[in-house]
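# Chain and residue survey
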Amino acid sequence: MTRVRWVIGNWKQNLLRGPAEALAKRMVAEIPNQLLEADHRLRIGIAPTFLALDAVSPWTRPSGPLWLCAQDIAAQDQGAFTGEIGPEMLAEAGVKCAIIGHSERRNHYREPDILVGAKLHHALKAGFTCVLCVGEPLDVRNQNRHESYVISQLSNAFHQLENELCSERLIIAYEPVWAIGTGKTATPSQASAMHRTIRAWLLERFGPAGGDRSILYGGSVKPANAATLMAAGDIDGFLVGGASLDASKFLDIVHAAANG
Ligand code: PEP
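A short tour of the structure in this document, coming up. (Residues numbered from 1 in each chain as written. Predicted model: local features only at pLDDT ≥ 70, side-chain atom pairs only at ≥ 80, totals over all residues. Heavy atoms only, no water.)

Here the structure, examined in full by the defined rule, presents 16 salt bridges. Taking the shortest distance from any N to any O, the salt bridge between Arg105 and Asp72 comes out at 3.1 Å. Of this pair, Arg105 sits in helix α5 (residues 103–108) while Asp72 sits in the loop between β3 (66–70) and α4 (87–92); the two residues are 33 residues apart in sequence, bridging distant segments of the chain. With relative accessibility at 25%, the residue Arg105 sits in the partly exposed group. A relative accessible area of 8% means that Asp72 is categorised as buried. One salt bridge connects Arg141 with Glu136, and the closest N-O pair in it is separated by 2.9 Å. For Glu136, a relative accessible area of 0% corresponds to the buried category. (Salt bridge = Lys/Arg side-chain N within 4 Å of Asp/Glu carboxyl O. Helix = DSSP H or I, 4+ residues; strand = E, 2+ residues; numbered from the N terminus. Buried < 20%, exposed > 50% of the residue type's maximum accessible area, 1.4 Å probe, protein only.)

The subject of this paragraph is the site of the ligand. Near the ligand lie 14 residues; those nearest to it are Lys12, Glu175, Gly181, Ser220 and Gly241. Within the side chain of Lys12, an N or O atom sits 2.6 Å from an oxygen atom of the ligand. One of the backbone N or O atoms of Gly241 is found 2.8 Å from an oxygen atom in the ligand. Expressed as a share of its isolated accessible area of 290 Å², the protein-covered part of the ligand is 96%. Assessed atom by atom at 2 Å from the grid points, the ligand resides in the second largest pocket. (Near = heavy atom within 4 Å. Polar contact = N/O pair within 3.5 Å; in protein donor to acceptor, adjacent residues only side chain to side chain. Areas by Shrake-Rupley, 256 points an atom, 1.4 Å probe, with all protein chains shown as cover. 1 Å grid on protein atoms, 1.4 Å probe; cavity = no way out; pocket = protein on both sides within 12 Å on 5 of 7 lines; lining within 4 Å. Sits in = over half its atoms within 2 Å of the grid points.)

This part covers the sheet that holds strand β1 (residues 5–10). Strands sit in the order β1-β2-β3-β4-β5-β6-β7-β8 around a closed barrel of eight strands; the barrel is parallel. Sheet twist, expressed as the average angle between the axes of neighbouring strands with direction ignored, equals 25°. Its contacts with the sheet place helix α9 (residues 188–206) against β5 (129–134), β6 (170–174) and β7 (214–218), and it is angled at close to 150° to β7. (Pairing = 2+ DSSP bridges. Axes fitted to C-alpha atoms, helices over the stretch in contact; angles between N-to-C directions. Contact = heavy atoms within 4.5 Å.)

Ranked by size, the top nonpolar core spans 67 residues in total, and within it Leu132, Phe158, Ile172, Ile198, Tyr217 and Phe238 carry the most contacts. Here the element with the most residues in this core is helix α12 (residues 247–259); it accounts for seven residues. Here Leu132 is in contact with Ile100, Arg106, Val116, Leu120, Leu154, Ala157, Phe158, Ile171, Ile172 and Ala173, once residues within four sequence places are set aside. Grouped together as the second largest cluster of nonpolar side chains are 14 residues, Cys69, Cys97, Cys133 and Ile171 included. (Core = buried A, V, L, I, M, F, W, Y, C linked by side-chain atoms within 4.5 Å.)

Before going further, it helps to examine the layout of surface pockets. What the largest pocket holds in volume is close to 530 Å³. Here the element with the most residues in the lining of the largest pocket is α5; it accounts for three residues. Taken together, the residues of the lining of the largest pocket sort by class into eight nonpolar, seven polar and five charged. Of the volumes computed, that of the second largest pocket is approximately 200 Å³. Along its surface, the second largest pocket is lined by 17 residues, and Lys12, Gly181, Ser220, Gly241 and Gly242 are the ones closest to its centre. (Points joined across faces, edges and corners; volume = space filled by probe spheres on them. Nonpolar A, V, L, I, M, F, W, Y, C, P; charged D, E, K, R; others polar.)

Our focus in this paragraph is the pairing of strand β2 (residues 42–47). The element β2 is largely enclosed, with a buried count of six among its six residues. The two faces of β2 match: Leu42, Ile44 and Ile46 on one face and Arg43, Gly45 and Ala47 on the other face are all buried. Where β1 and β2 come together, six bridges link them in parallel fashion. Within the sheet, the bridge partner assigned to Val7 lies in β2 and is Ile44. Pairing of β2 with β3, which is carried by three bridges, proceeds in the parallel orientation. Within β3, the position partnered with Ile44 by the bridge is Leu66.

As structure tokens, then:
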């Protein structure tokens, strides 16, 4: 398999600068060199708060596989947009990758699909690697409407996206909302089935470049379930919340992704 595998730790609104730096430093020290070689098909990312980016930045390697990521990104570079931080500012801070459309942003801050799509479009055009998050809430899963729900999120996000922006810089994270931070993981077959659905949709929308995108799973990934999820097939790594705040758990998950 040639698709790039990713494991990205989303630290959410956790860790002041000191502990954030210490965690990044510990992760770098414990990641085996062979996983950090630039040509390895595994990339590891960490997404601290905006204010901890510069504390963590020296421990990441912009040209190698340990990436500094942002938890969000504005749909414009600058202007009268109170509270926003856009691609130019993030690039200046050494960030090359952004999480977009996380369910916590969609649900707590009512980010609509149209805004998620605008952020994605702008960030891809600015040269960022983007992790677009999609995933259904529990009631939708219980009504067996999860596939159409996720496809609608995808088609709204990719509305008017130029085909050439579908490249290795576009990553999808399937994160069922009912599995995020709940300790309840999708079964490997639920995750794998949704990944196949997403891949088939991308293939139809973008052609072969779409079918070749990395699709990550997120939702209560832990060392205990990571290898089984990888073994289900069509899972190219993980977006990890809670377990990414613990260096040894996160690195166990990295190993599962590398070996799976
Ligand atoms: C996330 O925030 O993207 C996430 C998957 O969180 P957790 O691993 O804690 O469920």
